[in-house]
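# Structural overview
What follows is the residue order along each chain.
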Amino acid sequence: MNERRIHQIFQISVLLKGAHALVECIGGLVLAFVSTSAITRLVNALTQEELIEDPNDFVAAQLLSLAQNFTVSTQRFYAFYLLSHGVIKVFLVIGLLRNKLWAYPVSLVVLGLFIVYQLYRFSYTHGFGLIVLTVFDVFVMGLIWREYRLVRRHLTSR
C-alpha cells in the first residue's frame, strides 16, 4: 500500500477518534445535567411497549434494570469519565491533524492507557464493545506510530 493511501487511512482513523470523542463529550454533558429520575423515565418510556409485547425481552429488561439501579454517584462517575476522555481525545486529535510533533507520542501513551483501562473493564463486564474499541485503538496506534516516524523523518531531512 502506498504512503498516500496509508496517510488517508490515518486521517480517517483520527477523524473517527475525534467523532467518538465528541460523542463522549456530549454524553458526559448530558449525564452531568440530566437527573437520574429523568433517565429512568426515558428508559421506561423506551422499553415499556417492548416489555408489554415480550416480558422476557433481554435487552429491554437489562436497560430497565440498569436505569432503575443508576445512582447519582454512578451518574457523576460516567459524566466525568466521558467528558474527561472526550476532551483529552479532542485535544489530541487536533494536535495530530495539525501535525504537531508532541501529539504523536502523547497520543500513543494516552491510547495505551485507555487500552489498559478498557481491558481491565472487560475483565469485569465482558462487553464485546470494549474489545472492538480496543482493537480499533491498537490499529490507530499503529497508524500514529507510522505517521510519527514519517513526520520525524521529514523534519530531520530538511
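So, how was this worked out
- Residues numbered from 1 in each chain as written.
- Predicted model: local features only at pLDDT ≥ 70, side-chain atom pairs only at ≥ 80, totals over all residues.
- Heavy atoms only, no water.
- Core = buried A, V, L, I, M, F, W, Y, C linked by side-chain atoms within 4.5 Å.
- Buried < 20%, exposed > 50% of the residue type's maximum accessible area, 1.4 Å probe, protein only.
- Helix = DSSP H or I, 4+ residues; strand = E, 2+ residues; numbered from the N terminus.
- Contact = heavy atoms within 4.5 Å.
- Expected span 1.5 Å × (residues − 1).
- Patch = residues over 30% accessible without salt bridge, like charges linked within 9 Å, V, L, I, M, F, W, Y side chains within 5 Å.
- Areas by Shrake-Rupley, 256 points an atom, 1.4 Å probe, with all protein chains shown as cover.
- Salt bridge = Lys/Arg side-chain N within 4 Å of Asp/Glu carboxyl O.
- Lys, Arg positive; Asp, Glu negative; His and termini not counted.
- Charge placed at Lys NZ, Arg CZ, Asp CG, Glu CD.
- pLDDT = per-residue confidence, 0-100.
- 1 Å grid on protein atoms, 1.4 Å probe; cavity = no way out; pocket = protein on both sides within 12 Å on 5 of 7 lines; lining within 4 Å.
- Points joined across faces, edges and corners; volume = space filled by probe spheres on them.
- Nonpolar A, V, L, I, M, F, W, Y, C, P; charged D, E, K, R; others polar.
- Axes fitted to C-alpha atoms, helices over the stretch in contact; angles between N-to-C directions.
- Parallel < 35°, antiparallel > 145°, perpendicular 65-115°, else oblique.
- Left-handed = near helix turned anticlockwise from the far one by under 90°.

### Comments concerning the nonpolar core
With 17 residues, the main nonpolar core has Phe 10, Val 14, Leu 96, Tyr 104, Leu 111 and Ile 144 as its most contacted residues. Mapped onto this core, the elements with two or more residues apiece are helix H1 (3–33), helix H4 (72–97), helix H5 (103–125) and helix H6 (128–156). With 6 residues, the top contributor of residues to this core is H5. Aside from chain neighbours lying at most four places away, what touches Leu 111 is Lys 17, Asp 137, Val 140, Met 141 and Ile 144. In this structure, Leu 31, Ala 60, Phe 70 and Tyr 81 belong to the second largest nonpolar core, which totals 11 residues.

### What to know about H4
Between its terminal C-alpha atoms H4 stretches 37 Å, which fits the 38 Å expected from 26 residues at 1.5 Å a residue. Buried within H4 we find Gln 75, Ala 79, Tyr 81, Leu 82, His 85, Gly 86, Lys 89, Leu 92, Val 93, Gly 95 and Leu 96.

### Topic: a negative patch on the surface
There is a patch of like negative charges on the surface, built from Glu 49, Glu 50, Glu 53 and Asp 54. Looking at where Glu 53 falls in the secondary structure, it is placed in helix H2 (residues 36–53).

### What about the confidence of the model for the protein chain?
For the protein chain, per-residue confidence averages 89 on the pLDDT scale, and 99% of positions sit at 70 or higher. The secondary structure element of the protein chain with the lowest average pLDDT is helix H3 (residues 58–68), at 85, and the one with the highest is H1, at 92.

### Some details on empty space enclosed by the protein
Enumeration over the complete set of coordinates arrives at 1 cavity of 30 Å³ or more. Lining the largest cavity are Val 14, Lys 17, Lys 89, Leu 92, Val 93, Leu 96, Ser 107, Val 110, Leu 111, Phe 114, Val 140 and Ile 144. Taken together, the elements giving at least two residues each to the lining of the largest cavity come down to H1, H4, H5 and H6. Its residues assigned to classes, the lining of the largest cavity shows 9 nonpolar, 1 polar and 2 charged.

### Points about the layout of surface pockets
Put simply, the largest pocket is a space of about 430 Å³. Looking at the largest pocket, it is lined by 14 residues, and the ones nearest its centre are Ile 39, Leu 63, Leu 66, Ala 67 and Phe 70. Looking at the lining of the largest pocket residue by residue, the classes come out as 11 nonpolar, 3 polar and no charged. In this structure, the second largest pocket is lined by 17 residues; those nearest its centre are Tyr 78, Tyr 81, Leu 82, Leu 130 and Leu 133. Going through the elements one at a time, H1, H4, H5 and H6 are the ones with two or more residues in the lining of the second largest pocket. Per element, the largest residue contribution to the lining of the second largest pocket is 6 residues, and it comes from H4. Grouping the amino acids of the lining of the second largest pocket by side-chain chemistry returns 8 nonpolar, 6 polar and 3 charged.

### Here we look at the packing of H5 against H6
H6 packs onto H5 with a crossing angle of 165° between their chain directions and a minimal axis gap of 10 Å. One element, H5, and the other, H6, form an angle in the roughly antiparallel class. Two packed elements cross with a definite hand, and for H5 against H6 that hand is left-handed.

### Examining H5
With 23 residues, H5 ought to run about 33 Å at 1.5 Å a step, and its terminal C-alpha atoms sit 31 Å apart, in line with that. Those residues of H5 that sit buried are Ala 103, Tyr 104, Ser 107, Leu 108, Val 110, Leu 111, Phe 114, Ile 115 and Gln 118. Where the residues of H5 are buried, they touch H1, H4 and H6.

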